[in-house]
Amino acid sequence: MKTEHYQLNLGPQHPSTHGVLRFLVEMDGETCVHADTKIGYLHRGIEKLLESRTYNQAIPYPDRLDYLSGMSNSMTYCMAVEKLAGIEVPLRAQYIRMITAEMMRIAGYMVGIGCYIMDLGAVSAVFYPFQQREYLLDAMCEVCGSRMTQNYMRIGGVAADLNDKFFEKLQVFLDDFPKFLKMYHRLIDDNEIFHARTKGVGIISKEKAMSYGLTGPNLRASGVPYDLRKDKPYLQYGKYDFLVPQGEHGDCFDRYWIRMIEIEESYKLIKRFIEDLPEGEIMAKVPKILKPEPGEAYVQTENPKGIMGCFVAADGTANSYRTHFRRPSFCNIAIYDEIFQGAKIADMVAMIGSFDIVLGDIDA
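All values reported here derive from a predicted model rather than from experimental measurement.

Colleague: Sorry, what's going on with the overall build of the chain here?
Modeller: In terms of helices and strands, the chain carries 14 helices and eight strands. For the chain, whose C-alpha radius of gyration is 21 Å, the value lies close to the compact-globule estimate of 21 Å for 364 residues. Along the first, second and third principal axes, the C-alpha set of the chain runs to 75 × 45 × 35 Å. Relative to its 364 residues, the chain shows a buried fraction of 56%. Taking as baseline every contact in the chain between residues at least 6 positions apart, the subset at least 24 positions apart corresponds to 70%. For the chain, the separation between the mean place of its 41 positive charges and that of its 48 negative charges on side chains is 3 Å.

Colleague: How do you make sense of a nonpolar patch on the surface when you look at a structure like this?
Modeller: Judged by side-chain polarity, Met118, Val123 and Phe127 come together as a nonpolar surface patch covering roughly 290 Å² of accessible area. Take Phe127: its relative accessible area is 56%, and that puts it in the exposed class.

Colleague: I would appreciate a short explanation of the state of the cysteines in the present structure.
Modeller: Linking two cysteines covalently via their sulfur atoms produces the bond known as a disulfide. Applying the stated criterion to the full structure yields zero disulfides. Between Cys115, a cysteine without a disulfide, and Cys252, which holds the nearest cysteine sulfur, the sulfur-to-sulfur distance is 16 Å.

Colleague: What exactly am I supposed to notice about empty space enclosed by the protein here?
Modeller: It is a probe the size of a water molecule, rolled over the atoms, that shows where empty space is left. By the definition in use, this model includes two cavities of 30 Å³ or more. In this structure, the largest cavity spans a volume of roughly 50 Å³. In terms of lining residues, the largest cavity is bounded by Gly112, Ile113, Tyr116, Arg255, Tyr256, Arg259, Gly353, Ser354 and Asp356. Of the residues that constitute the lining of the largest cavity, the class distribution is three nonpolar, three polar and three charged. Space inside the second largest cavity adds up to approximately 30 Å³. Around the second largest cavity, the lining residues are Ser72, Met75, Ala101, Arg105, Tyr234, Tyr237, Thr301, Glu302 and Asn303. Counting only elements with at least two residues in the lining of the second largest cavity, the list comes to helix H2 (70-85), helix H3 (91-119) and strand E6 (295-303). When residues in the lining of the second largest cavity are grouped by element, the largest group, three residues, is from E6. When its residues are assigned to classes, the lining of the second largest cavity shows four nonpolar, three polar and two charged.

Colleague: Can you help me understand the sheet that holds strand E1 (residues 6-10) in this one?
Modeller: Adjacent strands of a sheet pair through backbone hydrogen bonds, lying either parallel or antiparallel. Taken in spatial order, the three strands line up as E1-E2-E3 in an open sheet, and their pairing is antiparallel. If you trace the sheet from one side to the other, it starts and ends with E1 and strand E3 (31-38), each paired once. Direction aside, the axes of adjacent strands within the sheet are offset by 25° on average. Bridge analysis of E1 against strand E2 (residues 22-28) gives five bridges, and the strand direction is antiparallel.

Colleague: In this structure, what is going on with the environment of Pro294? I would like to understand it.
Modeller: Looking at the element boundaries, Pro294 is found in the loop between helix H10 (252-276) and E6. The sequence separation of Pro294 and Ser329 amounts to 35 residues, and the corresponding C-alpha distance is 30 Å. Beyond its immediate chain neighbours, meaning those up to four positions away, Pro294 contacts Ala314, Asp315 and Gly316.

Colleague: Help me understand the packing of aromatic side chains, please; the structure alone is not making it clear to me.
Modeller: Given two aromatic rings, one states the distance between the centres and the angle between the planes to describe the pair. Inspection of every chain in the model, using the stated rule, returns 20 aromatic pairs. A cation sits over an aromatic face here: Lys230 above Phe242, 4.9 Å from the ring centre. The lysine or arginine in question, Arg327, covers the ring of Phe330, its NZ or CZ lying 4.8 Å from the ring centre.

Thresholds applied
- Residues numbered from 1 in each chain as written.
- Predicted model: local features only at pLDDT ≥ 70, side-chain atom pairs only at ≥ 80, totals over all residues.
- Heavy atoms only, no water.
- Helix = DSSP H or I, 4+ residues; strand = E, 2+ residues; numbered from the N terminus.
- Rg over C-alpha atoms; globule rule 2.2 N^0.38 Å.
- Buried < 20%, exposed > 50% of the residue type's maximum accessible area, 1.4 Å probe, protein only.
- Contact = heavy atoms within 4.5 Å.
- Lys, Arg positive; Asp, Glu negative; His and termini not counted.
- Charge placed at Lys NZ, Arg CZ, Asp CG, Glu CD.
- Patch = residues over 30% accessible without salt bridge, like charges linked within 9 Å, V, L, I, M, F, W, Y side chains within 5 Å.
- Areas by Shrake-Rupley, 256 points an atom, 1.4 Å probe, with all protein chains shown as cover.
- Salt bridge = Lys/Arg side-chain N within 4 Å of Asp/Glu carboxyl O.
- Disulfide = S-S within 2.5 Å.
- 1 Å grid on protein atoms, 1.4 Å probe; cavity = no way out; pocket = protein on both sides within 12 Å on 5 of 7 lines; lining within 4 Å.
- Points joined across faces, edges and corners; volume = space filled by probe spheres on them.
- Nonpolar A, V, L, I, M, F, W, Y, C, P; charged D, E, K, R; others polar.
- Pairing = 2+ DSSP bridges.
- Axes fitted to C-alpha atoms, helices over the stretch in contact; angles between N-to-C directions.
- Phe/Tyr/Trp six-rings, centres within 6.5 Å; stacked < 30°, edge-to-face > 60°.
- Lys NZ or Arg CZ within 6 Å of the ring centre and 35° of its normal.

In structure tokens form, the structure reads like this:
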């Protein structure tokens, strides 16, 4: 018997869409037949804002892309301008960037994992990761005076050196995190409901993940162990060995599991970076009004959401002629329509949350 299809709006004001994201879903009963992903509700024109300001004035704006791990974005922007202008960053500043980047990776994952578990009905499980995130934000506040959009990166280095209070606050996190990991694995990993909602749901094959240009944990969950920090090292990552986990099935559970492994690896890297932190300058000598020679540069980094790219073109003035970001969340959601087909609404919610998207990163 043929049934009549109907259209259903999911979002943009809906907690399970993780921001102002809207899906116009064609439904056959309880089953999704087709879904249009509607974006642009949070568009702020950040790239054009950067082009209307000097290179140094533009630094705070990338923090607002993936605002859950803001410094990762501004670091990518600064590295692109440094490549464009031929600026060499001091070694100590490179290590500080790596320490804070891995802190941001964990802080971002803490929101993604906690909110994902909440999407699936375990509301109490959202509070434990947020506690760990608070420890990291407290530490960052000691060195830059801000908790969420830090404005800490600078073209040529970082705004301020790490101080004793920073290390004290960070040590609180380092001491507590192993206990948190054990507790959270016990709380979630063997939960029957969590398994039922995530295993075998939203499967993405290795070939499909690569054809859609997925990056970050969503790509690695499909069995592709590609991580820029290891495959195309930047800063001083090439000196360090660490695990790049890969999933077996490419389902929602694997996307959760990959992030749990990666936060443990980031925790280990932070400790090693602190041990090896060299003395020295934290800033290169950079003019207050930077005017790179006409040219262009592109830099990619491994951000919490995936590969973040920044293209900068210079025309010899104090403002960039063109600035463009390759935003990982924007690229990752292209596959939604395909994996939604044939799924129930409840499974669509599980799939959306498993991608750990941020709308600031999608709309820009």
